[in-house]
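# Secondary and tertiary structure notes
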There are 2 protein chains.
Amino acid sequence: MRIVLDGMGSDNHPDPEVSAAIEAYRKWGDQVLLTGPEHMLRPRLKALGARRDEVRVVHAPQVLEMTDKPAKAARNKPDSSMAIGMQLLKDGEADAFVTAGNTGGALAYALFRLGRIRGVKRPALSAVFPVQDGKAVVLDIGANADCRPDYLLQFAHMGSAYAESVLGLSRPRVGLLSNGEEAGKGNDLVKETYPLVQASNLNFMGNVEPKEIFAGSADVVVCDGFTGNIFLKTSEAVAGFLVSLIREHIRAGLITSLGGLLAKPAFRAVGRLLDPAEYGAAPLLGVNGLVFIGHGRSDTRALVNAIGVARQSAESGLLEAVRSAIQQRLAASPPEADV
Amino acid sequence: MRIVLDGMGSDNHPDPEVSAAIEAYRKWGDQVLLTGPEHMLRPRLKALGARRDEVRVVHAPQVLEMTDKPAKAARNKPDSSMAIGMQLLKDGEADAFVTAGNTGGALAYALFRLGRIRGVKRPALSAVFPVQDGKAVVLDIGANADCRPDYLLQFAHMGSAYAESVLGLSRPRVGLLSNGEEAGKGNDLVKETYPLVQASNLNFMGNVEPKEIFAGSADVVVCDGFTGNIFLKTSEAVAGFLVSLIREHIRAGLITSLGGLLAKPAFRAVGRLLDPAEYGAAPLLGVNGLVFIGHGRSDTRALVNAIGVARQSAESGLLEAVRSAIQQRLAASPPEADV
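Residues numbered from 1 in each chain as written. Chains lettered and ligands numbered in written order. Predicted model: local features only at pLDDT ≥ 70, side-chain atom pairs only at ≥ 80, totals over all residues. Heavy atoms only, no water.

What follows concerns the overall build of chain A. A count of helices and strands for chain A gives 14 helices and 11 strands. Relative to its 339 residues, chain A shows a buried fraction of 58%. Of the contacts formed within chain A by residues at least 6 apart in sequence, a portion of 71% connects residues at least 24 apart. Taken as a whole, chain A presents about 13,600 Å² of accessible surface, with 51% of it coming from carbon and sulfur. (Helix = DSSP H or I, 4+ residues; strand = E, 2+ residues; numbered from the N terminus. Buried < 20%, exposed > 50% of the residue type's maximum accessible area, 1.4 Å probe, protein only. Contact = heavy atoms within 4.5 Å. Areas by Shrake-Rupley, 256 points an atom, 1.4 Å probe, with all protein chains shown as cover.)

All of the buried residues along helix 7 (residues 188-198) of chain A are L189(A), V190(A), T193(A), Y194(A) and V197(A). Across the axial projection of helix 7 of chain A, the buried residues extend over an arc of 135°, all falling on one side. (Arc of directions from axis to C-beta.)

This brings us to a positive patch on the surface. Together, K69(A), K72(A), R75(A) and K185(B) make up a positively charged patch on the protein surface. Positionally, R75(A) belongs in helix 3 (residues 70-76). (Patch = residues over 30% accessible without salt bridge, like charges linked within 9 Å, V, L, I, M, F, W, Y side chains within 5 Å. Salt bridge = Lys/Arg side-chain N within 4 Å of Asp/Glu carboxyl O. Lys, Arg positive; Asp, Glu negative; His and termini not counted. Charge placed at Lys NZ, Arg CZ, Asp CG, Glu CD.)

Residues and elements named next belong to chain A. Across the sheet, which stays open at both edges, the 11 strands sit in the order 3-2-1-4-11-10-5-6-9-7-8 with mixed pairing between neighbours. Edge strands, defined here as strands with exactly one partner in the open sheet, are strand 3 (55-59) and strand 8 (203-208). Direction aside, neighbouring strands of the sheet carry axes that sit 30° apart on average. Taken strand by strand, helix 1 (residues 15-28) contacts strand 1 (3-6), strand 2 (32-36) and strand 3, and its axis lies near 165° from that of strand 2. (Pairing = 2+ DSSP bridges. Axes fitted to C-alpha atoms, helices over the stretch in contact; angles between N-to-C directions.)

Let us look at the domain arrangement of chain A. Often, the extent of an interface is quoted as the loss of accessible area upon association of its parts. Residues and elements named next belong to chain A. With domains assigned, chain A is organised as domain 1 (1-120 + 286-316 + 334-339) and domain 2 (124-277). Placing the centre of domain 1 and that of domain 2 at their C-alpha centroids yields a distance of 25 Å. Counting the surface lost from both domain 1 and domain 2, the interface buries some 1,100 Å², and carbon and sulfur atoms represent 54% of this. Between the two partners, domain 1 and domain 2, sit 0 salt bridges. Where domain 1 meets domain 2, there are 3 residue pairs in polar contact (both at pLDDT 80 or more). Elements supplying a minimum of two residues to the side of domain 1 that touches domain 2: helix 5 (103-114) and helix 13 (300-315). Per element, the largest residue contribution to the side of domain 1 that touches domain 2 is 6 residues, and it comes from helix 13. For the side of domain 1 that touches domain 2, the class distribution of residues is 6 nonpolar, 8 polar and 3 charged. (Domains from an automatic or database assignment. Buried area = accessible area lost by both parts, 1.4 Å probe. Polar contact = N/O pair within 3.5 Å; in protein donor to acceptor, adjacent residues only side chain to side chain. Nonpolar A, V, L, I, M, F, W, Y, C, P; charged D, E, K, R; others polar.)

Here we come to the sheet that holds strand 8 (residues 203-208) of chain B. What holds strands together in a sheet is hydrogen bonding between their backbones, with the strands either parallel or antiparallel. Residues and elements named next belong to chain B. Across the sheet, which stays open at both edges, the 11 strands sit in the order 3-2-1-4-11-10-5-6-9-7-8 with mixed pairing between neighbours. The sheet is open, and its two edges are formed by strand 3 (55-59) and strand 8, each paired on a single side. Neighbour-to-neighbour, the strand axes of the sheet open up by a mean angle of 30°, direction not taken into account. Direction of pairing for strand 5 (residues 124-131) relative to strand 6 (residues 134-139): antiparallel, over a ladder of 6 bridges. Paired with F129 across the bridge in strand 6 is A136. Set on the sheet, helix 13 (residues 300-315) makes contact with strand 1 (3-6), strand 4 (96-99) and strand 11 (291-293); between it and strand 1 the angle comes to about 145°.

Moving on, we get to unusual backbone geometry. D140(A) follows L139(A) through a cis peptide bond whose omega is 0°. Along the chain, D140(A) turns up in the loop between strand 6 (134-139) and helix 6 (149-165). The phi angle at D133(B) is positive, at roughly 60°, despite the residue not being glycine. With respect to the helices, strands and loops of the structure, D133(B) is situated in the loop between strand 5 and strand 6. Exposure remark for D133(B): the relative accessible area of 78% places this residue in the exposed category.

All names here are of chain A. Under the definition given, this model contains 30 salt bridges over all chains. Between R2 and D95 there is a salt bridge, and its shortest N-O distance comes to 3.1 Å. Here R2 is found in the segment before strand 1, whereas its partner D95 is found in the loop between helix 4 (81-90) and strand 4 (96-99), with 93 residues between them in sequence. Look at D95 and you get partly exposed, because its relative accessible area is 27%. Close ionic contact of R173 with D219 constitutes a salt bridge, the shortest N to O distance being 2.9 Å. With a gap of 46 residues between them, R173 in strand 7 (residues 173-177) and D219 in the loop between helix 8 (210-214) and strand 9 (220-222) connect regions that are remote in the sequence. Exposure remark for D219: the relative accessible area of 10% places this residue in the buried category. Counted as one network, the salt bridges with shared partners bring together R26, R51, D53 and E54.

This part is about the environment of G168(A). Considering the arrangement of structural elements, one finds G168(A) in the loop between helix 6 and strand 7. The spacing of G168(A) and S316(A) is 148 residues in sequence and 9.1 Å in space, taken between C-alpha atoms.

Let's shift gears to the environment of L139(A). Residues and elements named next belong to chain A. Here L139 lies in strand 6. We classify L139 as buried; its relative accessible area is 0%. C-alpha of L139 to C-alpha of V221: the two residues are 82 residues apart in sequence and 6.3 Å apart in space. If we skip the residues at most four places from it in the chain, L139 touches A124, L125, S126, F155, G159, V220, V221, V222, C223 and L285.

As a further point, take the side chain of D140(A). Residues and elements named next belong to chain A. For the buried D140, no salt bridge is present, and the opposite-charge side chain at shortest range is R122, 8.8 Å distant. A polar contact is formed between the side chain of D140 and the backbone nitrogen of L125, at a distance of 3.0 Å. Within the structure, D140 has its side chain in polar contact with the backbone nitrogen of G142 (distance 3.0 Å). Beyond its immediate stretch of four places on either side in the chain, D140 contacts A124, L125, F155, C223, D224, G225, G228 and N229.

Here we come to the packing of helix 1 (residues 15-28) of chain B against helix 2 (residues 38-47) of chain B. Residue and element names in this part refer to chain B. Two numbers describe how helix 1 lies on helix 2: the axes approach to 10 Å, and their chain directions differ by 50°. When the axes of helix 1 and helix 2 are compared, the pair comes out oblique. Handedness of the helix 1/helix 2 crossing: right-handed. Residues D15, V18 and I22 of helix 1 pack against L41, R44 and L45 of helix 2. Here the contact of helix 1 with helix 2 is composed, by residue class, of 4 nonpolar, no polar and 2 charged. (Parallel < 35°, antiparallel > 145°, perpendicular 65-115°, else oblique. Left-handed = near helix turned anticlockwise from the far one by under 90°.)

Right, here's the structure in full:
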C-alpha cells in the first residue's frame, strides 16, 4: 500500500506529519510519501531517526495556506505540497492521498488534477459519526453548499458504497437529514429528493432527524453541504460546550471536584468518542482517486488514524465501489443532462 | 396580565396545563384563561382545589392532535382549544397565548386568526439558547423551511426586537448562521442575505458558526427554518447522546460509579442548562399577537416558565417593538412587492 501524505497540511505542519509518516511505516510497514519543501522535511526526519526506506520525501516548494482562496490557489500554486500529492495519486504512484490542509483547496485541486468519476455530478465530502452502537456516514458535509435533488441521489449512492466497502455493512440503511421524520417534511430540496431515493435500489428508510442519527437508525445520512456542515459543527460545538460546562461545575465545589476526579475515566471515554482524531479524515467521494481530508487541528495520532482509514479504503476497493455504484445508477436511469 | 393557556396542548394534556394554570395564579396573582373541554378541565381543577377566580375555563370542544395536518386542522377544527385560545387573544381578552401543542397547527391558526403584522412577509419561530455567559435568540427554527433573503432580513429585525425588549439587550449583535465566518461563505441564501443585513441599521457582526454561537458571540442568530430546526435538534440530540454515554460509562465501573455519584450536582446543573423547560416556549414573531409555543413534552414546570416568558414579553411591549421594527424598516427601504 502506498499512501501519500501532504507534509504541510495541518495547522502545526510539518511536525505532526513527519511523526505520523514514521509511525505509519512502523505500524504497517508501508513507505509513506511525504510532500513539502525538502529543507523543512529532511532535517526533521533525520532528527527523529527515520531511514530513507521508511519515508520518501517528494519535494514541493509551495505551501497552501488556510487563508488561500481555493480556486485561485489551485491555479497559482501548482507546486504546493497538496498539488504534488494529488499528482502522485493521479500518476499511479500512490493509492491514496491524505491531507489536513485547506478543505476548499483540496477540493479544487482534486477537481483540477484528478477530475470527477464519469457520471458524477458533484463530489461530496463525508464524515463518519460515532453513534449508538456503531457509525454513520454523513455526506455532504461541506463540498457543495447548494445542491440539487440529483446531486443528493448520487451522494446516497456514493455513501452507500463507502458504508459497504469500508464499514463492511451490507445493504446500508440510507436516510435523508430532515426537520421531521414523516415523508413530506423538509425543505424543497429534501421533498424533491425523497421520491428519487425511494425509486432507487438503495435501502431507503426515509427522512431522519438528528436524534435518530445519534440513536443509530441510519448508516448513511444524506444532505446538502451547507446543512451537513452545520450538523457537523453543531455536534462538535455542543460537545465542547458541555464538556467545558461540566468541568466548570466540577471546579466549583469540593465534593463535585472529587466526584469529577473519580468520574474521569468516563469523561475520557466520552472524549474519545467525540474526538475527530479517532476517525482520522473525511473521504472526498466522487473524484478519480482516494482523497482524505483531515481536520486542520490534526495531531500525529489523528494523521496516523487518517492514514489507517486511507489504507483500509484502498484495500477494500472503495474507488471501484463508488465507480460501479455510479455506473449502475447511470445504466438504470434514463440519460440526463450532466451539468 | 391576562394569559390564555391551551389546556390540551402537551402530550400529557390536560394535567400539566391544569396544574400550571393554578401555579401561575399563585405565583403572579393573574387569573389564567384555560381553553379545552369543560368536562375534562373542571373536575381536575376542582380536585386540585382551584377557585373560580384563580383559573377561568373557556370551553373548547375540539382538540388538535399531534397527528393532525396543520392547514387542514385550522379549517376543520374551528373550536379546538388552540383556536379558541387564539380567538381570545384576537378579541383582546388576553395579552398572550401559550400552547405546548402541534407547532404547525399553532402557526396555521395564528396566520388564520391573528394574521401577520403589516409588512411582515413570514412569521418566524424563535428559540432562546443557553450560551456562554448568556442567551442567544435563534430564528427561524421551523416555521419556514424555505426562505428568501428578504425574509431573513426581517427575521434579523424581529429577533433584535425580541432581544431588546425581552432580554433587555441594547444594540443586540446579529449574526447569520453559516458554514464559515468569512463574508462570502455560506449557501446562496446566506450570501444574498449578507449585504441586506449589512446595509441595515442592525448591529451586524457577519456570519457565525455554531461554535461562536455557543461561545456567546451573537445575541441574535438568523437562519432559514430548515437549518434552524436542524441546529436546534442537533444540539438537543448531541446533549442527550452525551449524557447517556456518560451515564453508561459511569455504570460500567465501581470507581467511576462513585465518581458519578459525587459529580451528580454538576450533571444536574448541566442538565438544567439544556432543559427546554427552563426557557419555556418559543415566541412566534411576526403575527398580530403574542403566541408562545412550547415543547410537546412540556410538564407543569415548563408550562409555568412559558407563562412567565409570555407575561414578561407582554409587559415589555414585545408586540409593539416588533411592529415598530418592521415599520421603521418599511419606511427606510424602497417599496417592494409583498408576497
